[in-house]
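Residue-level listing of the chains:
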Amino acid sequence: MPRKSKKKTQDNKQKVSIFKIIVYGTKIFIKTMPVVFALHLVTSIISGLSLGFITLITQHLFDSVADAISGKESVTKVYLIVATLGIVYMVNEAIKGLKPIIHHYTFNYKSQIEMNKIIHSKLNRIDPLFLENADVHDEIEKAKGAIGAIQFIIIFGSDILTLNLPYFMFMGIYLNHLKPQFLLVLALVFIPVLLGQFVRPRITSKYEDTAAPIRRENSFYFNAIVDREYYKETRTLGAFSFFFNRFLDSLKRLGTEELKMNKRKNFLELILSLVSTTGYVGILCMLITALFQGEITVGAFAAVFFSIDRLFQETQGLVNFYIGNLTSDFGYAQNYIRFLEMPERGGIDATPIIGKGISAENVGFIYPNAANKSVDNVSLKIEQGETVAIVGANGAGKTTLVRLLIGLYKPTEGKVILSGMDTANVKAESLFDGVSGVFQRFQRYQMTLRENIQISDLDRGSEINTVCQQAGVNIDSASFPQGIDTMLSREFNGVDLSGGEWQRVAIARGLYRINNVIVLDEPTAAIDPLEESHIYHKFVEISKGKTAIIVTHRMGSTKIADRVVVMDKGKIVEIGSHDELIRKQGLYAEMYDTQSEWYENESDIPQGGIRGDAI
Ligand SMILES: Nc1ncnc2c1ncn2[C@@H]1O[C@H](COP(=O)(O)OP(=O)(O)OP(=O)(O)O)[C@@H](O)[C@H]1O
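All figures in this text were calculated on a predicted structure; none of them were measured in a lab. Within every chain, residues take consecutive numbers counted from 1 along the sequence as written. Owing to the predicted nature of the model, reporting of local features is limited to residues with pLDDT of at least 70; listing and counting of side-chain atom pairs is limited to 80 or more, with chain, interface and lining totals taken over all residues. Remark: hydrogens and water are excluded; side-chain values derive from all non-hydrogen atoms of the structure.

Peer 1: In this structure, what is going on with the side chain of Gln-470? I would like to understand it.
Peer 2: Tracing the sequence through the fold places Gln-470 in helix 14 (residues 464–471). Burial classification: accessible surface area is computed with a 1.4 Å probe over protein chains only, and a residue below 20% of its type maximum counts as buried, one above 50% as exposed, and the rest as partly exposed. By relative accessible area, which is 19% here, Gln-470 ends up buried. Contact definition: two residues touch when any of their heavy atoms are within 4.5 Å. Setting aside chain neighbours within four positions, we find Gln-470 in contact with Leu-511, Ile-535, Lys-538 and Ile-542. Strands here are runs of E lasting at least two residues and helices are runs of H or I lasting at least four, both read from the DSSP assignment and numbered beginning at the N terminus.

Quick look at the structure:
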């Protein structure tokens with residue numbers, strides 16, 4: 001796995017405003033849990049108001065105690081004020097107790113599920129070609145990691161707006177009323193907040209840019225060591241140390257990056273705390289001076305003294321926890337919005353016109369960052385009801401051409417018309433409606449046999465047995481103890497299938513999907529030649545009347561096709577039926593003869609077989 005440069009997409013990242021994130025997150029919360037969210041806002045407002053009340057009541061309490069001592073006020077009034085203060089404190093504490101429950105509830109999976117849903121539906125809309133780009137996988141990983149950050153921003157951000165901000169405004173008015181100079185110190189308290197807001201997101205965003213690819217690398221190396229898909233090969237090839245060293249190296253790099261970020265963050269926090277504490281000492285000095293000069297009463301002194309303490313605690317909390325986390329979460333959350341704003345494949349809705357087949361006109365295609373075209377000036381018409389086999393050496397462009405023909409990729413030159421739709425300007429959903437494909441790297445879903453096959457439509461259960469039979473999946477009690485409900489994964493107490501059996505399941509899945517165009521891109525390499533021939537003959541039967549494409553390295557399988565397309569270096573070099581191409585004595589005949597000779601003269605076959613190719 002190549003190491004990626006730190007610079008990567010950093011340069012061309014566009015900023016996402018905090019306002020946009022707040023509006024987006026608030027909509028999600030209102031949509032998924034309106035009542036709990038309203039409760040959260042109401043309790044925050046009550047909490048903010050109660051803090052203001054406590055300041056006013058404290059002033060009255062101290063003034064009336066002083067008056068009661070000098071006989072100007074009744075003691076009963078003092079007790080009444082104490083009782084009021086007690087009630088307000090109790091309300092405030094009750095809300096504090098309730099808040100974690102509300103937060104826990106609001107943090108629950110409803111908003112998380114919604115945001116995950118949004119990521120996945122976005123993934124469905126972005127150009128599949130983007131997924132070939134490693135940077136896009138980093139963006140997806142970062143977007144998923146940003147969900148918690150958005151939840152945090154909305155919950156604690158709304159706390160700031162409904163609780164802290166009204167309280168600070170109240171205190172501002174109150175202090176200004178007592179002595180306008182007190183406001184200067186209050187302003188000094190907020191400077192660190194503003195400073196932090198600018199610096200923190202930069203630190204975390206920079207860290208994320210560097211860490212995301214390393215994290216992906218790290219998990220790849222880890223899987224290469226322990227994953228069932230990899231470990232046999234890594235052990236038998238003696239590659240354990242290679243991957244283990246790479247794993248440790250990436251872990252170290254990840255640790256170094258994290259340390260760098262934490263150092264920067266901690267240094268910033270230290271500076272901010274020093275500025276805040278200086279402000280705290282300053283206001284205390286001003287208060288005492290004002291009291292001695294008779295500018296404020298003892299009650300006002302006590303109220304401000306206690307409130308300033310609370311104000312500083314709230315501000316410190318705001319700076320160190322809320323704003324601290326909020327601003328770094330803002331850095332993370334930007335990734336989510338940025339991902340949602342990634343260009344989509346787009347296009348118009350269209351309905352496939354059955355009977356039109358597929359036509360490619362002067363099609364060229366170059367992968368992003370590739371030097372050469374993988375498909376070059378290809379023109380091909382596949383009629384409805386026709387079966388076409390595509391053959392050619394490794395890297396000839398067969399898979400790329402198939403992806404272009406079914407609209408998975410848009411051509412970079414020329415155009416492809418699939419069932420009457422121009423693949424360059426029709427939505428992916430419309431294009432794939434009625435297309436089914438089984439590819440070389442098919443998936444082995446750790447689910448039941450039924451789910452593995454019915455993945456495209458869970459409602460046509462009765463057809464499972466038919467497609468299994470067509471694809472050669474033999475549902476006997478030895479291989480599938482629970483029949484079609486057998487779990488296909490040993491990790492989940494199910495069974496393990498052989499490579500060939502998995503391929504048959506993948507083919508059954510492709511056949512199950514209702515289709516008008518069907519593609520088999522070399523999905524039979526692990527199936528023995530006799531069984532493969534059986535499957536292909538069935539396939540021809542099933543695909544009668546449909547547009548069918550087979551990509552294969554086994555020249556014998558091409559006999560079932562109406563026409564064979566021979567590719568070389570991205571171009572079509574020959575087209576015709578098997579017999580026509582044999583008569584032509586060109587590249588196809590050469591490839592066919594070479595494979596035939598291998599089979600006719602077994603002694604030529606190298607030990608271990610010939611990569612499974614067979615006539
Ligand atoms: N994601 C990619 N990015 C860049 N180049 C690619 C990518 N995928 C394939 N290619 C290149 O495009 C060319 C055609 O590849 P393609 O997979 O279409 O060939 P193929 O004939 O199907 O090969 P095979 O028989 O080995 O499956 C090759 O040179 C390959 O290296």
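Continuing now.
Peer 1: Would you take a moment to explain the site of the ligand for this structure?
Peer 2: A cutoff of 4 Å decides nearness: a residue is near a molecule or strand if any of its heavy atoms lies inside that distance of it. The ligand sits among 13 residues. The nearest are Glu-132, Ser-374, Lys-398, Thr-399 and Thr-400. Here a polar contact is taken to be a pair of N or O atoms separated by no more than 3.5 Å, where protein atoms must pair a possible hydrogen donor with a possible acceptor and residues adjacent in sequence count only if both atoms sit in side chains. Here an oxygen atom of the ligand and a side-chain polar atom of Thr-399 are 2.8 Å apart. The protein chains shown are the only cover counted for residues, whose accessible areas, like all others here, come from Shrake-Rupley with a 1.4 Å probe. With the chains in place, 65% of the 630 Å² that the ligand exposes on its own is no longer accessible. Put simply, Ala, Val, Leu, Ile, Met, Phe, Trp, Tyr, Cys and Pro go in the nonpolar bin, Asp, Glu, Lys and Arg in the charged bin, and everything else, Gly too, in the polar bin. Broken down by class, the residue content of the shell around the ligand amounts to 3 nonpolar, 8 polar and 2 charged.

Peer 1: Teacher, can you tell me more about the pattern of salt bridges here?
Peer 2: For side chains bearing opposite charge, pairing can occur when the charged atoms are close. Between Lys or Arg on one side and Asp or Glu on the other, a salt bridge is scored when a side-chain nitrogen of the former is within 4 Å of a carboxyl oxygen of the latter. The full count for this structure, using the stated rule, is 24 salt bridges. Across the pair Glu-114 and Lys-117 runs a salt bridge, and its minimum N-O distance is 3.5 Å. With a gap of 3 residues between them, Glu-114 and Lys-117 both fall in helix 4 (residues 109–125), about one helical turn apart. With a closest N to O distance of 2.9 Å, Arg-215 and Glu-208 form a salt bridge. Connected through salt bridges with shared partners, the residues Lys-373, Asp-376, Glu-413 and Lys-571 form a single ionic network.

Peer 1: Whenever I open this one, the sheet that holds strand 5 (residues 421–422) confuses me. Can you help?
Peer 2: Strand pairing in a sheet relies on backbone hydrogen bonds, with the paired strands running either antiparallel or parallel. In short, DSSP must find at least two bridges between two strands for them to pair. One open sheet accounts for 4 strands, arranged 2-1-4-5; its pairing is antiparallel. The sheet is open, and its two edges are formed by strand 2 (375–382) and strand 5, each paired on a single side. Axis definition: a line fitted to C-alpha atoms, over the contacting stretch in the case of helices. Angles run 0 to 180 degrees between N-to-C directions. This element, helix 11 (residues 398–405), spans strand 1 (358–365), strand 2 and strand 4 (413–418) of the sheet and lies at about 55 degrees to strand 2.

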